[in-house]
Structures are given as structure tokens and as C-alpha cells.
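Residue-level structural notes
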Amino acid sequence: MNFHTRKWVKPEDLNPNGTLFGGSLLRWIDEEAAIYAICQLDNKRVVTKFISEINFVSSARQGDVIELGMTATHFGRTSITLRCEVRSKITRESILTIEKMVFVNMGEDGKPVPHGRERIRYAEEAYEHYRQSAQSADSVDETAKH
Ligand SMILES: CC(C)(COP(=O)(O)OP(=O)(O)OC[C@H]1O[C@@H](n2cnc3c(N)ncnc32)[C@H](O)[C@@H]1OP(=O)(O)O)[C@@H](O)C(=O)NCCC(=O)NCCS
């Protein structure tokens, strides 16, 4: 599981109990998971379809630094399923787990469309893919000029 994003718990993120408000945490997770799905499926049009039980394992407090971890557990035809964990950056104590978050790959017509992916793609591989796409787009532009 990759823990890409870190968050600093600030006063505006607290509940009346003085600990991290679940709604703030869920907002951060939904965004982080959507970015993960976008990168894996190479499509900005992904939507959250399903979130399984959310286990708030322990509290975070003001000033704590937490990190959000994601991994893909299943590639479907039009969907991708992620597992999520949030933990303390310093103590590594688990703060939240979600076993299943499902995102659906959408087409321009607003309907689910197959994504064609079958396994996790890591950053280096994704960069190489973008580099090659950019190169072939440049060569198409050059051809059009002649
Ligand atoms: C996403 C949406 C288009 C899917 O519609 P749908 O009629 O369920 O579409 P499909 O039946 O083709 O299913 C699409 C994929 O979602 C999966 N799926 C559907 N319901 C699911 C559920 N309850 N749990 C897990 N996966 C589910 C399907 O298995 C399919 O995946 P696959 O192609 O990899 O097998 C529709 O439900 C929608 O627009 N929902 C609102 C999304 C949204 O606005 N999200 C933001 C909420 S804040």
C-alpha cells in the first residue's frame, strides 16, 4: 500500500470532542481515492460508486500528522476496487480502514465504459506511458505541418 498524501490536523478539522471530524477525513479519503483511480485508469472521469463499512479505529488530535494509504485490490471491466488505510505518520497507529471503495470509469456520454486495465500501474510506468503519448502526439503535429 502506498501512503502518498499527508495531512496536518488543524482546528477547523475537529469535532466537538476535540478529535478529528469523520466528515473531514472522509472528504480527504474520497479525493485521494479518486486521484488514485484516475491515475490507475488514466481517465479523469471516474465516480465513486460504493464505499463499504468504515472502521474508525482510533482518534487523531489537533497537530497530528496523518497519512492516507491506497491500493487497488481488483480491476473489473468498468470499475476499480481500492482498499484504504489512514494511519498516524509518527506512531503508525491505524486511524481508519475501508476494505472496499469502488470507482467507475465513465465515458464522455456519462455512462460506464471499459477501462482495459488489469493490474496496478506504478509511477515510473505511468510516466513512460505519458511520455510516449506526448511524443506520438508531437509527431502527428509535425506530420500535419508538412
Ligand atoms: C456509476 C453509475 C453510472 C453506475 O451505474 P450502474 O447502472 O450501476 O452501472 P453498471 O451496472 O454498468 O456498473 C458499473 C460498474 O459498477 C459496479 N457496481 C455497480 N454497483 C455496485 C455496487 N453496489 N458495489 C460495487 N460495485 C458496483 C459494477 O459491477 C460495474 O463494474 P464492472 O464493470 O467492473 O463489473 C451510477 O450508479 C451513478 O451515476 N452513480 C452516481 C455516481 C456519483 O455521482 N458518485 C459521486 C457520489 S458523491
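Residues numbered from 1 in each chain as written. Predicted model: local features only at pLDDT ≥ 70, side-chain atom pairs only at ≥ 80, totals over all residues.

Here we look at the UniProt feature "domain: HotDog ACOT-type" (unreviewed entry) in the chain
Cut-off, in case you're wondering: UniProt positions are given in the numbering used here, feature names are shortened, and annotations may be inferred rather than shown by experiment. Secondary structure counts use DSSP, requiring at least four H or I residues in a row for a helix and at least two E residues in a row for a strand, with both numbered from the N terminus.
Per the UniProt record, the feature "domain: HotDog ACOT-type" (unreviewed entry) sits at residues 1-109. For residues 1-109, the helix share is 18%, the strand share is 45%, and the end-to-end C-alpha distance is 33 Å.

Quick look at the site of the ligand
Stated precisely, the cut-off is as follows: Placing the C-beta atom from the backbone, one calls a residue near a molecule or strand if that atom lies within 6 Å of it. Amino acid classes used here: Ala, Val, Leu, Ile, Met, Phe, Trp, Tyr, Cys and Pro are nonpolar; Asp, Glu, Lys and Arg are charged; the rest, including Gly, are polar.
All residues adjacent to the ligand are Val-47, Thr-48, Lys-49, Phe-50, Gly-76, Arg-77, Thr-78, Ser-79, Val-102, Val-104 and Pro-112. If you tally residues by element for the shell around the ligand, the top one is strand S2 (residues 46-51), at four residues. A class-by-class count of the residues in the shell around the ligand yields five nonpolar, four polar and two charged.

Some remarks on the environment of Gly-107
Position of Gly-107 relative to the elements: it lies in the loop between strand S6 (94-105) and helix H2 (123-145). With 74 residues separating them in the primary sequence, Gly-107 and Ala-33 have C-alpha atoms 19 Å apart.

Things to note about unusual backbone geometry
Just so we agree on the cut-off: Put plainly, a residue is buried at 20 or more neighbouring C-beta atoms within 10 Å of its own, exposed at 12 or fewer, and partly exposed in between, counting only other residues' C-beta atoms, which are placed from the backbone.
Of note, the phi angle at Asp-42 is positive, near 60°, even though the residue is not glycine. With respect to the secondary-structure elements, Asp-42 resides in the loop between helix H1 (22-41) and S2. The partly exposed category is assigned to Asp-42, around which 15 C-beta atoms lie within 10 Å. Although it is not a glycine, Arg-92 adopts a positive phi angle of roughly 70°.

Digging into the pairing of S6
To keep it simple, the criterion reads: Pairing between strands is defined by DSSP: at least two bridges between the two strands are required.
Direction of pairing for S2 relative to S6: antiparallel, over a ladder of five bridges. Directly across from Val-46, in S6, lies its bridge partner Asn-105. Examined bridge by bridge, strand S3 (residues 54-56) and S6 share three bridges and lie antiparallel to one another. Bridge pairing in S6 links Ile-54 to Ile-98.

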